[in-house]
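For reference, the chains in residue letters:
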Amino acid sequence: MGTTNWAHIVSRVTDTLFRVKNLTIDESIKHDQRILTIKSLPRKKTSNRYNSGFLQSHHQKSVYDHNIYAPLRSLHNIGINGTGQIINIVDTGVDALNAFFYDPDNSLETISGKTNPKHRKILRIEKYADDLDYYTGHGTHVAGIAAGSAYCAQELCGISQYNGIASGCKIYFSDVGYSSVSGDLSEEFDLNEQAKLMTSYDAYISSNSWSYDYPIKEDMFAYDQISYKYPNILYFFAAGNDYSYFSINSPSCSKNVVSVGATEPVSASSAEFSSY
């Protein structure tokens, strides 16, 4: 467009809608008659011991079972734990050295921008930003809730009580945050290319625990469209962590995604484990 900045198209949503990064809106851009409108996206924001048991049994209590004190996991007890499945997680990053993802036989280098089906937990880290997470990273947190499985010398150990909801599945991680910044989700990616990669890895669930501060209709449209184009992929979004009325933010308010939240059964207030 005749600019000297480092702007580039991240993705082409339709013939007239594009996601562009690093665009400097100077006079030449403002008066370019090929451009109908420009909107700036706001910054994305990051929107377990008892979670896995609560979602399976509706109880936040633990019992002594399999030689450890752990939450009731009725589905795990009959063998339904995600084994054989791959889920995609889009977030700040994942700490591959964390006990819930660690594999002593396969290093970070074997999954960083590479596909490694031999890794016990992480199939691949797509390095949109980098291949690490902040030291108290949100991405590691949500990956642990979804799919964490403790690395133990024996089959189970004390920290196994914190295993994730689908502890038997593997993770295809889309890292969109720079590990030097807490809660960073600044890197953009092409939804179409991501969907193609997910399909090639048989990953048909995409977990997104983040949102924008207010509804962005163009982004809502983008997720509606990609869900329509790839009907086998189901996109999950956190409803939001604002704890107030009318606070389901985009893209979680898109029509073709699943927005996840929780309330206390009596008070109807936001639950302590809601919308992470």
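All values derive from a computational prediction rather than experimental measurement.

(A) Seen up close, the environment of Leu234. Among the structural elements, Leu234 can be located in strand β11 (residues 234-238). A C-alpha to C-alpha distance of 7.5 Å links Leu234 and Val258, two positions 24 residues apart in sequence. Apart from the residues lying within four places of it in its own chain, the contact partners of Leu234 are Tyr204, Ile205, Ser206 and Val258.

(B) Highlighting the layout of surface pockets. One number sums up the size of the largest pocket: a volume of about 1200 Å³. Phe18, Arg19, Val20, Ile38 and Lys39 are, among the 35 residues lining the largest pocket, the residues nearest its centre. Counting residues per element, the ones that place at least two in the lining of the largest pocket are β1 (8-12), β2 (18-21) and α5 (217-229). Of the residues forming the lining of the largest pocket, the biggest block, 4 residues, is contributed by β2. Split into classes, the residues belonging to the lining of the largest pocket amount to 19 nonpolar, 7 polar and 9 charged.

(C) Looking closely at the nonpolar core. Judged by nonpolar contacts, the single largest core of 24 residues is most densely connected at Trp210, Tyr223, Ile226 and Tyr235. For this core, the secondary structure elements donating two or more residues are β6 (86-91), α4 (191-200), α5 and β11. Contacts of Ile226, omitting those with residues within four sequence positions, involve Leu191, Asn192, Ala195 and Tyr235.

(D) Quick look at the side chain of Asp131. With respect to the secondary-structure elements, Asp131 resides in the loop between β7 (122-127) and α3 (138-147). One buried charge, Asp131, has no salt-bridge partner; the nearest side chain with opposite charge is Lys127, at 4.7 Å. Side chain to side chain, Asp131 and Ser112 meet in a polar contact 2.6 Å long.

(E) Expanded view of α5. The end-to-end C-alpha separation of α5 is 18 Å, in line with the 18 Å expected for 13 residues at 1.5 Å each. Along its buried surface, α5 packs onto β2, α4, β9 (203-208), β10 (210-211) and β11.

(F) Representation of the pairing of β7. A large share of β7 lies buried, amounting to 5 of its 6 residues. In this sheet, strand β8 (residues 170-175) lies alongside β7 in parallel orientation, the contact comprising 5 bridges. When the bridges of β8 are listed, Arg124 appears paired with Tyr172.

(G) Fine view of the packing of aromatic side chains. Scanning the entire structure with this criterion turns up 9 aromatic pairs. Each ring, one from Tyr172 and one from Tyr201, has its centre 5.0 Å from the other, and the planes form 65 degrees; the classification is edge-to-face. One end of the pair, Tyr172, is in strand β8; the other, Tyr201, is in the loop between α4 and β9, with 29 residues separating them in the sequence. Taken as a pair, Tyr172 and Tyr201 share a single burial class, namely buried.

(H) Expanded view of α4. Regarding α4, the residues found buried are Leu191, Asn192, Gln194, Ala195 and Met198. All buried residues of α4 fall inside an arc of 160 degrees around its axis, so they share one side. Residues of α4 that are buried in the fold lie against β1, β6, β8, β9, α5 and β11.

Each value, and the rule that gives it
- Residues numbered from 1 in each chain as written.
- Predicted model: local features only at pLDDT ≥ 70, side-chain atom pairs only at ≥ 80, totals over all residues.
- Heavy atoms only, no water.
- Helix = DSSP H or I, 4+ residues; strand = E, 2+ residues; numbered from the N terminus.
- Contact = heavy atoms within 4.5 Å.
- 1 Å grid on protein atoms, 1.4 Å probe; cavity = no way out; pocket = protein on both sides within 12 Å on 5 of 7 lines; lining within 4 Å.
- Points joined across faces, edges and corners; volume = space filled by probe spheres on them.
- Nonpolar A, V, L, I, M, F, W, Y, C, P; charged D, E, K, R; others polar.
- Core = buried A, V, L, I, M, F, W, Y, C linked by side-chain atoms within 4.5 Å.
- Buried < 20%, exposed > 50% of the residue type's maximum accessible area, 1.4 Å probe, protein only.
- Lys, Arg positive; Asp, Glu negative; His and termini not counted.
- Salt bridge = Lys/Arg side-chain N within 4 Å of Asp/Glu carboxyl O.
- Polar contact = N/O pair within 3.5 Å; in protein donor to acceptor, adjacent residues only side chain to side chain.
- Expected span 1.5 Å × (residues − 1).
- Pairing = 2+ DSSP bridges.
- Phe/Tyr/Trp six-rings, centres within 6.5 Å; stacked < 30°, edge-to-face > 60°.
- Arc of directions from axis to C-beta.

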